[in-house]
Protein chains: 2
Amino acid sequence: MESQQNYDSLATTLRDRRVRLAQLIDFPVILWAGKSYPRNFPANPFPFRASSHFLYFAGLPLEGAAIYLNDGRLELFLDEPSPASTLWHGEMPKREEIAQQMGADAAFPLSELASRTADAATLAVQDIATYQQQEQLLNRCVNRANAPEGIDRDLAKAIVSLRLCHDAEALSELRKAAAVTVAAHKAGMQAIGGRDVATECLYEATIRGAMEGMILAHNMSCAYGSIVTVHGEVLHNEQYHHPLQPGDLLLADVGAETERGWAADVTRTFPVTGRFSATQRDIYETVLAAHNACIEKIHPGVEYRDIHLLAAATLTQGLVDLGILRGQVSDLVERDAHALFFPHGIGHLLGLDVHDMEDLGDLAGYAEGRVRSDRFGLGFLRLDRPLQPGMLVTIEPGFYQVPAILNDPERRAKYQDVVNWNRLAEFADVRGIRIENDVLVTPEGSEVLTATLPTEADAIEELVLLGGRN
Amino acid sequence: MESQQNYDSLATTLRDRRVRLAQLIDFPVILWAGKSYPRNFPANPFPFRASSHFLYFAGLPLEGAAIYLNDGRLELFLDEPSPASTLWHGEMPKREEIAQQMGADAAFPLSELASRTADAATLAVQDIATYQQQEQLLNRCVNRANAPEGIDRDLAKAIVSLRLCHDAEALSELRKAAAVTVAAHKAGMQAIGGRDVATECLYEATIRGAMEGMILAHNMSCAYGSIVTVHGEVLHNEQYHHPLQPGDLLLADVGAETERGWAADVTRTFPVTGRFSATQRDIYETVLAAHNACIEKIHPGVEYRDIHLLAAATLTQGLVDLGILRGQVSDLVERDAHALFFPHGIGHLLGLDVHDMEDLGDLAGYAEGRVRSDRFGLGFLRLDRPLQPGMLVTIEPGFYQVPAILNDPERRAKYQDVVNWNRLAEFADVRGIRIENDVLVTPEGSEVLTATLPTEADAIEELVLLGGRN
Ligand SMILES: [Mn+2]
Ligand SMILES: [Mn+2]
């Protein structure tokens, strides 16, 4: 399926990763891939998704496997497919063949893993069946991944320092995921393009089907549960049953993941008729201004928290200009007034996980010694570190009218003097807008990996209107 | 989202189901829905799939919920969404509202469930986290679902007797799943239609994307991992990376599942150029003859095992006619010669699970007192019961050239005298063919729920050739 050249490149990368790991720790490591989960009966599983830490050092999604890393050495532990499995699943590569693709130094059946557990560190996987095996084989408690202790915590910190900045192999995968994600978003716009939502029966699900179908057609999977909704104000909306109606904005947050697990994460918001209303365009351009300002500011050494605060200030300025907020921008941001409409962080790390390394809690997202703020306008920030070349982050400002926030009596009282509620009411056709791109920090500044999907309002309109025909 | 009339009909059905359950058992029952599984970190879960036994009596996929059934009474145990959840997931129906939709007699928070555990039977769910809660709350061992004991086993048998034959509500859902599945298969053929696979770069994944995209566009999900492959001889093939090349047959086994969990399961095999070769058509028509003979034979009272044997005999006759096998058909079937090319059963129960109630092992598939045969040609049969009106079964004969079977020296020796290997070699362009429909047993005989998707070779060719343009 893949060329030997691809595998050579993978093996070289994997060797480099574990050599760098060995420079950071002086104890052996075992990482488990995990197993697929049964859906409604064991023979009907969900698709297998290997643990991301395993994938980082093993490269391939090998269900049930474990790897042993010690001083730059890699050993693969994997059972050969049974003869019955060959009957049903066809000829699979043998252990030795896979070991060679990975550039492993040795390969053994899983039963040999017990000989390698002495003093080994690990990170807990998500699936409980494998997690229990981890504790049993290591013969000790293993804390959940978000609270590792002892050598497991040292391992987690070492892995964070490696995974924070992407190597060439990772970037090659991340670019593939980004390209297919752009194609998926275009497919979603094309599924609407030229159709009259007033007379044709289109649903959120129609667009989701077109988008995810495109991801599957590229032999990738979805990196996370897609959000494709005319109710963008519901931030984690995973329902798709609403009809598309004239005047609706559709918010689509959909990202592909390559076979080796590398993710993209992109959001666009577009009018289902192909034309923004004047109020929708006003808010859209406010969000876009924040998006553009953030990307402009991305450089090595810049604090990601400051990018977030820049988004808050830019959005706030836009809302002041529109007469929705009143006051000094800096005062308003200080008081978290922006968070009435932008109640999440400006983005997060992106890599093997869509929120990269979020299984480790805030160990990856927050620099040593930093903790989450309890401020309403900062507490949801998932990343608080100075940017470094090779980091991939999302930039995803948004504007939402969340009823649970805007109708909250306490908040209404607190922000009574700064919100012009009558003016806000004129923007009732803007329930939720988000614009999200995947941005690589480079030595010179930044590179938007998803730049081929336009963000300008005019370009979005054109894509939707002509979608079906270009 | 759904009309009150739909919910009234659901509530009436659920009442009827639990009243019938109460006629079979005299102890209380608690059924758990289960929870979604984390993908790579807890906030990124796989889509939630409720336990099928829960769905049968609760109707709705309520994550984390439990129901208590006693003497025809239904109590719902479900926690209200937290305020934080409302912020992120929007307004969700309250417990009381859901209870009303289901026609529950009462509704409580989950903390109250402990008051209902005395003497209650249950069935183990698939997810380990909930399974451990089951044992903890009931304060006893609960065997895995495929080996229930005591009242749990009595409950399993009672549920099997209810779920074996579908009521009107179930059939309405199953028909919806069947209709969308037919649309998905047509979408797959349309994705090829009129395109030249010799010059255009199409992959198995291209077709899978079109098919699953159609299922998602109808706001349904896939009932199982799709098989879309030019290597039909790999029976459980879940790879999609092969290019489509002139001369290939594409085998597509893809089925939709409704939001309430009811499944369809359909396979078609078609030439990617739109034209069968003469050898492909010969084998296709042999498989189709078996398919048609089986459906013809389906009537209440007929043993499903005899349907399987009829498929074996019809296929064998076809292969004798083609000169691939030689001898008396009845002798050949007795010797399992058919299983060289048809190494699986003719089908299975279909309902909330694609292999309905397979979580219970063979308790549903095999009538009391019957066990699996150790014959090569019968051991894979998943269903061995007399047919009853209201049962939904698949009919899925196939012909495969599985290298692990046909190159096995023992089998080659055993069947040396009955296989004409030279003649077989002429059919090398037929690696795997399966034709599968979903067939309801009716008082008069049968009804094919997926009949709008043609099976005749000519009709298949026409669909593929014109697919892009009709
Ligand atoms: Mn994001
Ligand atoms: Mn089937």
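Since the structure is predicted, the reported quantities are computational estimates derived from the model, not experimental observations.

### A look at the coordination of the manganese ion (ligand 1)
All names here are of chain A. Note on the manganese ion (ligand 1): its protein donors are D265 (OD), H348 (NE2), E396 (OE) and E436 (OE). The metal-donor distances range over 2.0 to 2.4 Å. Written as a sequence motif, the donor arrangement for the manganese ion (ligand 1) is D-x82-H-x47-E-x39-E. Here H348, found in the loop between α11 (329–334) and β10 (392–395), pairs with E436, found in the loop between β12 (432–434) and β13 (437–442); they are 88 residues apart in sequence, far enough to count as distant. For the pair H348 and E436, one class covers both residues: buried.

### So, the sheet that holds strand β10 (residues 392–395) of chain B
Residues and elements named next belong to chain B. Spatial ordering of the open sheet is given by β10-β13-β14, a layout of 3 strands whose pairing is antiparallel. Lying at the two open borders of the sheet, with one neighbouring strand each, are β10 and β14 (445–448). The mean inter-strand angle of the sheet, taken between neighbouring strand axes irrespective of direction, is 40°.

### Section: the coordination of the manganese ion (ligand 2)
Geometry sets the ideal angles at a metal, namely 109.5 degrees for four tetrahedral donors and 90 or 180 degrees for six octahedral donors. All names here are of chain B. With distances of 2.1 to 2.4 Å, the protein atoms coordinating the manganese ion (ligand 2) are D265 (OD), H348 (NE2), E396 (OE) and E436 (OE). What makes H348 buried here is its relative accessible area of 4%. With a relative accessible area of 0%, E436 lands in the buried category.

### Focus on the relation of the copies chain B and chain A
Of the transformation superimposing chain B on chain A, the axial component is 0.0 Å and the angular component is 180°, with the fit at an RMSD of 0.0 Å. On this basis, the relationship between the two copies can be described by a two-fold rotation axis. Among all residues of chain B, the minimum C-alpha distance to the rotation axis is found for G213 of chain B, at 2.0 Å. Here 100% of the contact residues of chain B are again contact residues in chain A; the copies associate through an equivalent surface.

### Here's the deal with the interface of chain B and chain A
Contacts between chain B and chain A engage 55 residues on the former and 55 residues on the latter. Of the roughly 4,700 Å² buried where chain B meets chain A, counting both sides, 64% is carbon and sulfur surface. Ranking the residues of chain B by area buried against chain A places R39, L87 and W88 of chain B at the top, with a combined share of 16%. The interface formed by chain B and chain A includes 2 salt bridges. Taken together, chain B and chain A are joined by 18 residue pairs in polar contact (both at pLDDT 80 or more).

### Observations regarding the UniProt feature "domain: Aminopeptidase P N-terminal" (unreviewed entry) in chain A
Residues annotated in UniProt with the feature "domain: Aminopeptidase P N-terminal" (unreviewed entry) correspond here to residues 9–134 of chain A. As a span, residues 9–134 of chain A carries 34% helix and 13% strand, and end to end its C-alpha atoms are 30 Å apart.

### Some details on the environment of A425 of chain A
Residue and element names in this part refer to chain A. Along the chain, A425 turns up in helix α14 (residues 421–425). Exposure remark for A425: the relative accessible area of 52% places this residue in the exposed category. It is 9.2 Å that separates the C-alpha atoms of A425 and I324, two residues lying 101 residues apart in sequence.

### Focus on the pairing of β13 of chain A
All names here are of chain A. In terms of burial, β13 is largely enclosed, as 6 of its 6 residues are buried. The two faces of β13 match: N437, V439 and V441 on one face and D438, L440 and T442 on the other face are all buried. The pairing of β10 with β13 spans 4 bridges and is antiparallel. Opposite V393, over in β13, you have V439 as the bridge partner.

### Quick look at unusual backbone geometry
One non-glycine residue, N219 of chain A, adopts positive backbone phi at about 60°. Here N219 of chain A is to be found in the loop between α8 (204–217) and β5 (221–222). Under the relative-accessibility criterion, N219 of chain A is labelled buried at 16%. At N139 of chain B, a residue that is not glycine, the phi angle is positive and equals roughly 55°.

### Some points on the pairing of strand β14 (residues 445–448) of chain A
Residues and elements named next belong to chain A. Sheet analysis places β13 next to β14, joined by 4 bridges and oriented antiparallel. Looking across to β14, one finds that T442 is bridged to G445. Between β13 and β14, which pair antiparallel and follow one another directly, the connecting turn spans 2 residues.

### Quick notes on helix α15 (residues 457–466) of chain A
Residue and element names in this part refer to chain A. Regarding α15, the residues found buried are A457, I460, E461, L463 and V464. Along the axis of α15, the buried residues cluster in a sector spanning 165°; they form a single face. Along its buried surface, α15 packs onto α7 (168–192), β9 (266–271) and α9 (278–297).

### Concerning the domain arrangement of chain A
All names here are of chain A. Along its sequence, chain A is organised into domain 1 (4–163) and domain 2 (168–465). For domain 1 versus domain 2, the separation of C-alpha centres amounts to 34 Å. On the domain 2 side, the residues contacting the 23 residues of domain 1 number 18 residues. For the domain 1 face of the interface with domain 2, the top three residues by lost area are R49, V160 and R163, together amounting to 31%.

Reading guide: rules and limits
- Residues numbered from 1 in each chain as written.
- Chains lettered and ligands numbered in written order.
- Predicted model: local features only at pLDDT ≥ 70, side-chain atom pairs only at ≥ 80, totals over all residues.
- Heavy atoms only, no water.
- Donors = N, O, S within 2.8 Å, 3.2 Å for Na, K, Ca; no water.
- Helix = DSSP H or I, 4+ residues; strand = E, 2+ residues; numbered from the N terminus.
- Buried < 20%, exposed > 50% of the residue type's maximum accessible area, 1.4 Å probe, protein only.
- Pairing = 2+ DSSP bridges.
- Axes fitted to C-alpha atoms, helices over the stretch in contact; angles between N-to-C directions.
- Least-squares fit on C-alpha atoms with pLDDT ≥ 70 in both.
- Contact = heavy atoms within 4.5 Å.
- Buried area = accessible area lost by both parts, 1.4 Å probe.
- Salt bridge = Lys/Arg side-chain N within 4 Å of Asp/Glu carboxyl O.
- Polar contact = N/O pair within 3.5 Å; in protein donor to acceptor, adjacent residues only side chain to side chain.
- UniProt positions renumbered as here; feature names shortened; annotations may be inferred.
- Arc of directions from axis to C-beta.
- Domains from an automatic or database assignment.

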